[in-house]
Amino acid sequence: MRIEHLSLTNFRNYARLELDFPGRTILLQGDNAQGKTNLLEAIYYLATTRSPYAGAEYELVNWLAENQDLPHARLVAQVRKGDSSLRIEITLVRTQSSRANNSRYRKHIKVNGVNKRALDLIGQVNVVLFLPEDIVLVSGSPSGRRRYLDATLCQIDPRYCRTLQKYNRVLTQRNHLLRTLRQREGGLDQLLFWDRSLLENGAYLVARRQEVIGELDRLAQAVHLELTGQKERLRLRYVPSFDPSRPLPPDYQLSLELDLPSEPGIHQPGTNLSQVAEAFRAQLREIRRREILQGMSLIGPHRDDLRFLVGGVDLTIYGSRGQQRTAALALKLAEVKLVGQEVGEQPILLLDDVMSELDDARRGYLMQMIDGAQQAILTTTDLKAYSTEFLAGVTLLRVKEGRIEEIVNK
Ligand SMILES: Nc1ncnc2c1ncn2[C@@H]1O[C@H](COP(=O)(O)OP(=O)(O)OP(=O)(O)O)[C@@H](O)[C@H]1O
Ligand SMILES: [Mg+2]
């Protein structure tokens, strides 16, 4: 798939932008603080309804727009996907009650002119974003890795996204109840009710994570071998917070019927959902007292992790910076392949200033991926990071103070 046109109004430092994307590879060049990252952020936001950076929506709205009568920002993308064409529009409108220094914005989404929920948009346009900060996936905390898994799965599986939303709601309610039960006796019926929702939704998340990590492991292994000149074999290991395949006692009655009839276009996990759910249930039962004592849910997909192993060594703990960076890159490249496989179309690659961090071999490999993509949009401050051959094949745009100024003659 490819983005053909982007319009921005009051998004970050773009007061107004109309931009076509000719060719397959676009290189945005500009000095620091001109708007390169903001442009990639806009495309990512249109695809996922999330910003990889902003904590709150108001950060995305141009500062000057705050003083206008009806403060708003608008992003529109025209996207080609196979034979069809999608017009995606997200408008952020300031809600009335807000004060000037703490504005709140409401998001309105349209696809081909029809109002949609965020859940209906996510996954329609697939992007993979490469950032220098990707290394944090390996070196950072489990929550970052969970966020990454969720974002990746949401792009390829709408049911995952819906289930995740439900799971998070249930988790909040259940934690609330556990805190109440810490104060006073009783309420077990209510807890069993929330347990059931937790494990029904949680089982799907765990089963899908298991599958997707298995596939990413296979794909990343091959990429990583190439990136390291066949020297290092990377393995990705799912670390669920409970054992989803723990055998159940022989007399255990499976009481859950979770395997739904398959819907067209929606994935049915190969793993037995009922088995995962029952294992979850059995383990919830074992830790019930501890959960009540601590007043929170201690097992479930919200406590999962992912490990990166080379020769059995955990890179999060022992990896060198270079090893961590390479593993993160291998994971992202594996994601590109995974998305291509699952949705049957190449995702749009967005690469924010990543070349300068890489050595020649890794850069060469990444260039190869860019060549194979239907569309790649890259940013750089310095054209010297690129070979003349590469530059000859790209559309070069210059970013300056929130404007895409000129197409530089090469
Ligand atoms: N809501 C906003 N309104 C106006 N300007 C903003 C807003 N948010 C960020 N900016 C500004 O946009 C400018 C460009 O930011 P951006 O991150 O896109 O730069 P960049 O070209 O990627 O620079 P670098 O090479 O340093 O990464 C920054 O100076 C930033 O302060
Ligand atoms: Mg930047």
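**Focus: the domain arrangement of the chain**
When its domains are assigned, the chain resolves into domain 1 (2-126 + 348-407) and domain 2 (138-308). Its C-alpha centre places domain 1 at a distance of 32 Å from the equivalent point of domain 2. The interface is formed by 8 residues belonging to domain 1 together with 9 residues belonging to domain 2. Carbon and sulfur atoms supply 61% of the area that domain 1 and domain 2 bury against each other, a total of about 880 Å² over both sides. Put simply, domain 1 and domain 2 have 0 salt bridges between them. Counting across the domain 1 and domain 2 interface gives 1 residue pair in polar contact (both at pLDDT 80 or more). Counted by class, the side of domain 1 that touches domain 2 contains 4 nonpolar, 3 polar and 1 charged residues.

**Some remarks on the pattern of salt bridges**
Should their charged atoms come close, side chains of opposite charge can pair. Throughout the structure, instances matching the rule amount to 26 salt bridges. Note that R362 and D359 form a salt bridge whose closest N and O atoms lie 2.8 Å from each other. Residue D359 is classed as partly exposed on the basis of its relative accessible area of 39%. Through salt bridges with shared partners, a single network forms among R174, D195, R288 and E291.

**Some remarks on the site of ligand 1**
Around ligand 1 sit 15 residues, and of these N32, A33, K36, T37 and E59 come closest. The separation between an oxygen atom of ligand 1 and a polar side-chain atom of N32 is 2.9 Å. One of the backbone nitrogen or oxygen atoms of N38 is found 2.9 Å away from an oxygen atom of ligand 1. For ligand 1, the accessible surface in isolation is 660 Å², of which the surrounding protein chains cover 74%.

**So, the sheet that holds strand β2 (residues 14-20)**
Spatially, the 6 strands line up as an open sheet ordered β2-β1-β4-β5-β6-β7, and their pairing is antiparallel. At either margin of the open sheet sits one strand with a lone partner, and together these are β2 and β7 (114-116). Averaged over all pairs of adjacent strands, the angle between strand axes in this sheet comes to 20°, irrespective of strand direction. Direction of pairing for strand β4 (residues 72-81) relative to strand β5 (residues 84-94): antiparallel, over a ladder of 10 bridges. Looking at the pairing, R80 lines up with S85 of β5. In the packing of helix α1 (residues 36-48) onto the sheet, the strands contacted are β1 (2-11), β2, β4, β5 and β6 (105-111), and the crossing angle to β1 comes to about 110°.

**Re helix α11 (residues 360-372)**
Between the first and last C-alpha of α11 there are 18 Å, a value that for 13 residues agrees with the 18 Å anticipated at 1.5 Å per step. Listed in full, the buried residues belonging to α11 are R362, R363, Y365, L366, M367, M369 and I370.

**Structural notes on the sheet that holds strand β10 (residues 305-310)**
Here we have 3 strands laid out as an open sheet, ordered β9-β10-β11, and antiparallel in their pairing. On the outer flanks of this sheet lie β9 (234-239) and β11 (313-314), each paired with one strand and no other. Here 2 bridges tie β10 to β11, and the two strands are oriented antiparallel to one another. Looking across to β11, one finds that L309 is bridged to D314.

**Overview of the nonpolar core**
Counting residues in each nonpolar core, the largest one holds 82 residues, and the members touching the most others are F130 and L366. Among the elements that take part in this core, helix α6 (residues 188-227) stands out by supplying 16 residues, more than any other. The two domains that each donate at least three residues to this core are domain 1 (2-126 + 348-407) and domain 2 (138-308). For L366, the contacting residues outside a window of four places in its chain are F130, L329, L333, L351, V354, M355 and L358. Core analysis: the next-biggest nonpolar cluster, separate from the first, contains 45 residues, L8, V61, A73 and L397 among them.

**Quick look at the packing of aromatic side chains**
Enumeration over the complete set of coordinates arrives at 3 aromatic pairs. On the basis of an interplanar angle of 10° and a centroid distance of 4.3 Å, the ring pair of F242 and F280 is categorised as stacked. Of the two residues, F242 sits in the loop between β9 and α7 (273-286) while F280 sits in helix α7, which places them 38 residues apart along the sequence. According to the relative accessible area criterion, F280 is buried, its value standing at 0%.

**Some thoughts on the pairing of strand β8 (residues 127-130)**
Looking along a regular strand, one sees side chains alternate from face to face of the sheet. Along β8, one buried face is formed by V127 and L129 and the opposite face, lined by V128 and F130, is buried too. Two elements, β8 and strand β12 (residues 348-352), share 4 bridges in a ladder whose sense is parallel. Paired with V128 across the strands is L349, a residue of β12.

**Some remarks on a nonpolar patch on the surface**
A surface patch of nonpolar side chains, about 350 Å² in accessible area, is lined by V313, I317 and Y318. Tracing the sequence through the fold places Y318 in helix α9 (residues 315-318).

**Overview of the environment of E18**
Among the secondary structure elements, E18 is positioned in strand β2. Taking the C-alpha atoms as reference points, E18 and R403, separated by 385 residues in sequence, lie 9.4 Å from one another. Those residues in contact with E18, other than ones at most four positions away along the chain, are H5, L6 and S7. A distance of 2.6 Å separates a polar atom in the side chain of E18 from a polar atom in the side chain of H5. At a separation of 3.1 Å, a polar atom in the side chain of E18 contacts the side chain of R16.

Here is what the cut-offs are and how they apply
- Residues numbered from 1 in each chain as written.
- Chains lettered and ligands numbered in written order.
- Predicted model: local features only at pLDDT ≥ 70, side-chain atom pairs only at ≥ 80, totals over all residues.
- Heavy atoms only, no water.
- Domains from an automatic or database assignment.
- Contact = heavy atoms within 4.5 Å.
- Buried area = accessible area lost by both parts, 1.4 Å probe.
- Salt bridge = Lys/Arg side-chain N within 4 Å of Asp/Glu carboxyl O.
- Polar contact = N/O pair within 3.5 Å; in protein donor to acceptor, adjacent residues only side chain to side chain.
- Nonpolar A, V, L, I, M, F, W, Y, C, P; charged D, E, K, R; others polar.
- Buried < 20%, exposed > 50% of the residue type's maximum accessible area, 1.4 Å probe, protein only.
- Near = heavy atom within 4 Å.
- Areas by Shrake-Rupley, 256 points an atom, 1.4 Å probe, with all protein chains shown as cover.
- Pairing = 2+ DSSP bridges.
- Helix = DSSP H or I, 4+ residues; strand = E, 2+ residues; numbered from the N terminus.
- Axes fitted to C-alpha atoms, helices over the stretch in contact; angles between N-to-C directions.
- Expected span 1.5 Å × (residues − 1).
- Core = buried A, V, L, I, M, F, W, Y, C linked by side-chain atoms within 4.5 Å.
- Phe/Tyr/Trp six-rings, centres within 6.5 Å; stacked < 30°, edge-to-face > 60°.
- Patch = residues over 30% accessible without salt bridge, like charges linked within 9 Å, V, L, I, M, F, W, Y side chains within 5 Å.

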